[in-house]
Amino acid sequence: MDAKILIVDDEPPIIDVLAYNLKRENYQVVIARDGEEAITLARQERPDLIILDLLLPRIDGLEVCRTLRRERDVPIIMLTARDEEIDRVVGLELGADDYVVKPFSVRELMARVKNVLRRSSQNGAAPDGIRIGTLSIDLARREATVGSVEVKLTLLEFEILALLARHAGQVYSREQILEQVWGYDYLGDLRVVDAVIKRLRAKLRAAEPDGEWIETVRGIGYKLNG
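Just so it is clear, the structure is predicted and the values come from calculations on it, not from any experiment.

Our next topic: the overall build of the chain. Scanning the chain from N- to C-terminus turns up eight helices and twelve strands. Relative to the compact-globule value of 17 Å for 226 residues, the chain shows a C-alpha radius of gyration of 18 Å, a close match. Along the longest, intermediate and shortest principal axes, the C-alpha atoms of the chain span 50 × 35 × 30 Å. A buried classification covers 49% of the 226 residues belonging to the chain. Sequence-distant contacts, at least 24 apart, represent 60% of the contacts inside the chain between residues at least 6 apart. For the chain, the exposed area adds up to about 11000 Å²; of that, 46% sits on carbon and sulfur atoms. In the chain, the 33 positive side-chain charges and the 39 negative ones have mean positions that sit 2 Å from each other.

Spelled out as structure tokens, the structure:
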């Protein structure tokens, strides 16, 4: 049996479509129909990935994401029917790995599920990792430290940091980051990269308040200062 996926949605047609297609790919499927149940099942079942609707009864999806992110680095794909892009950006800032807007293409969603799980299961290529100044990155364990302080990163944050660190000083555009990290042509707002970079910067700064690790190159993208 393949990975276990928790579907969190209160619309029966969406649940049915997702469950059917995920089971066809041999994924284990667990279903929650409100935010409170989602948190309970995520703790009990420890899924490998969560597909999370933002508009939920009892506890909304953003609060579910915020709660689970404090407890475990489980990959999260958000589903949203909202028109406001700010909701998706806030979700990404809270730690979601990707988002899909309803109505969505099942093929597109399945591709994103596979890519998020692929990133989650990949092993680091170099057990001794990368060291730049006080920043140390263990690629095998997916751990980062600044000095003696461990920086707790989500999978997506770690992948972006590792990409920039492998090529310290080189500028990467948002499109290049999406291509390298997400692994496919992203159809959403390029500001998703900005949201993750903002979160990553805050964590690095908390570990080393005087450090300015990630530099914005106006009109181009980002680079890691060596």
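Having seen it, we continue.
Residue Pro 103 is bonded to the preceding Lys 102 through a cis peptide linkage, with omega at -10°. Phi angles above zero are rare outside glycine, and Arg 142 is one such case at about 55°. Residue class for Arg 142 comes out partly exposed when judged on its relative accessible area of 28%.

Thresholds applied
Residues numbered from 1 in each chain as written. Predicted model: local features only at pLDDT ≥ 70, side-chain atom pairs only at ≥ 80, totals over all residues. Heavy atoms only, no water. Helix = DSSP H or I, 4+ residues; strand = E, 2+ residues; numbered from the N terminus. Rg over C-alpha atoms; globule rule 2.2 N^0.38 Å. Buried < 20%, exposed > 50% of the residue type's maximum accessible area, 1.4 Å probe, protein only. Contact = heavy atoms within 4.5 Å. Areas by Shrake-Rupley, 256 points an atom, 1.4 Å probe, with all protein chains shown as cover. Lys, Arg positive; Asp, Glu negative; His and termini not counted. Charge placed at Lys NZ, Arg CZ, Asp CG, Glu CD.

So far we have only geometry, and geometry alone does not tell us how the molecule works.
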